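# Breakdown of the fold
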Amino acid sequence: MPITIPPIMSAFGGKSFNPATDIPAQTGRVILVTGGNSGLGKQSVLQLARHNPACIWLCARGEARAQAAIDDIRAAVLDSTTTIKPLDLDLTSFASIKAAARRVLAESDRLDILMLNAGIMATPPGLTAEGYEIQFGTNHVGHALLTKLLLPLVLKTASEHKDVRIVVLSSAAFQLSPRQGIMFDTLKTKQEDTHTALRYGQSKLANILFAAEMARRYPQITTVSVHPGTVSTNLANAFGNSSVLLKPLLWFYFNIVATSAENGARNQLWAATAEGVKSGLYYTPVGNDRGMVGMAKDEELAGKLWEWTEKELEGQTV
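Residues numbered from 1 in each chain as written. Predicted model: local features only at pLDDT ≥ 70, side-chain atom pairs only at ≥ 80, totals over all residues. Heavy atoms only, no water.

Recorded in UniProt under Sequence similarities (unreviewed entry), the annotation for the protein chain is "Belongs to the short-chain dehydrogenases/reductases (SDR) family." (UniProt positions renumbered as here; feature names shortened; annotations may be inferred.)

Below, the structure written as structure tokens:
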């Protein structure tokens, strides 16, 4: 099936936002960032640590990876008073997700910002431990379970401290999703007949729909999805490896057009901390709410995804 690359999402009409000066004081707050050991996640932890929250949970596949990132961040923000804790989290495994959530619930009495940043892109066909298509299972199902398990703590924090946020990393690539949006009937297969880019687009559409439905069901929490822009990270490598024809175009796209992780993290940091963020919306850089088009606005599809996800996660507890 042919694919097209979504248009480069510009910052025209966006907001000026400098994390160093525009993130307000985060004193006393607790933050969790998935995929915090590299790229956008690591940059987000670094910038948030500059503003002295009480604790940041830095999640990665393996505590060694998490600790190595923490050591780098500590060297860059020597004057930060923030405790940064490594957290082993593998989003392809329910057992790992439950163990991570169990530890957070045992050691934290609040959770002010849940940044669902981790993700995989354009991988070969595969399955998670529970049998979901690997990209959908990682990018949506794993994060949905983590959110479900941490939700009581998030709601408690919202009742006591008000401004609580969930920021879900999506992508303009949601426009690559299959014609029906989400192929529910084959989500528990490798979907080998569907191009890896379309499977990625499906997972990114799910991120937007999940955030919008969270916002409708839990209005006491500010929940948004964000596109970081075209960012040069190691996630992009898989796209080029999946197609000889696409490789030179994508090399140019991600190495010449793309911005750095430092710039790319601005949108999610804005969404996590700035005033004027409206729950349920999808933002392109920075703070631009005009990118929610097509199936991303489909409330019926969002409801169907929510019900499907709830059924899949039924009985999963800490």
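Here the narrative resumes, following the displayed structure.
With a phi angle near 50 degrees, Ala-122 is a residue other than glycine that sits in the positive phi range. One can find Ala-122 in the loop between strand 4 (113-116) and helix 5 (134-161). On the basis of relative accessibility, which here comes to 4%, the residue Ala-122 falls in the buried class. In this structure, Lys-162 is a non-glycine residue whose phi angle is positive, near 70 degrees. Classification of Lys-162 by relative accessible area gives exposed; the value is 59%. (Helix = DSSP H or I, 4+ residues; strand = E, 2+ residues; numbered from the N terminus. Buried < 20%, exposed > 50% of the residue type's maximum accessible area, 1.4 Å probe, protein only.)

Within the largest apolar cluster, 55 residues are counted, with the highest numbers of intra-cluster contacts made by Leu-32 and Ile-182. Of all the secondary-structure elements, those providing two or more residues to this core are strand 1 (30-33), strand 2 (55-60), helix 4 (94-107), strand 4, helix 5, strand 5 (165-169), helix 6 (196-217) and helix 11 (299-312). Per-element accounting of this core gives the leading share, eleven residues, to helix 5. Setting aside anything within four residues of it in sequence, one finds Leu-32 in contact with Trp-57, Cys-59, Leu-87, Val-104, Leu-111, Ile-113, Leu-114, Met-115, Leu-146 and Leu-150. Residues Ile-56, Ala-66, Ala-274 and Val-277 belong to the second largest nonpolar core, which totals 34 residues. (Core = buried A, V, L, I, M, F, W, Y, C linked by side-chain atoms within 4.5 Å. Contact = heavy atoms within 4.5 Å.)

Along the chain, the position of Glu-107 falls in helix 4. Among residues more than four places away in sequence, those in contact with Glu-107 are Trp-57 and Lys-85. Among the polar contacts made by the side chain of Glu-107, one reaches the side chain of Arg-103 at a distance of 3.0 Å. (Polar contact = N/O pair within 3.5 Å; in protein donor to acceptor, adjacent residues only side chain to side chain.)

The next point concerns the pattern of salt bridges. For the structure on display, the rule yields 16 salt bridges. Between Arg-103 and Glu-107 there is a salt bridge; the shortest N-O distance is 3.0 Å. Here the residue Arg-103 and the residue Glu-107 both occupy positions in helix 4, the gap between them amounting to four residues, near one helical turn. Asp-112 is the salt-bridge partner of Arg-110, the closest N and O atoms lying 2.8 Å from each other. Each member of the pair, Arg-110 as well as Asp-112, carries the same accessibility label: buried. Salt bridges sharing partners connect three or more residues here, namely Glu-213, Arg-216, Arg-217, Glu-299 and Glu-307. (Salt bridge = Lys/Arg side-chain N within 4 Å of Asp/Glu carboxyl O.)

The seven strands lie next to each other as 3-2-1-4-5-6-7, forming an open sheet whose pairing is parallel. Of all strands in the sheet, those bounded by a partner on one side alone are strand 3 (83-88) and strand 7 (282-283). With respect to the sheet, helix 2 (residues 39-49) is in contact with strand 1, strand 2, strand 3, strand 4 and strand 5, its orientation differing from that of strand 2 by roughly 170 degrees. Each of strand 2 and strand 3 is contacted by helix 3 (residues 63-76), which is oriented at about 160 degrees to strand 3, the strand it contacts most. (Pairing = 2+ DSSP bridges. Axes fitted to C-alpha atoms, helices over the stretch in contact; angles between N-to-C directions.)

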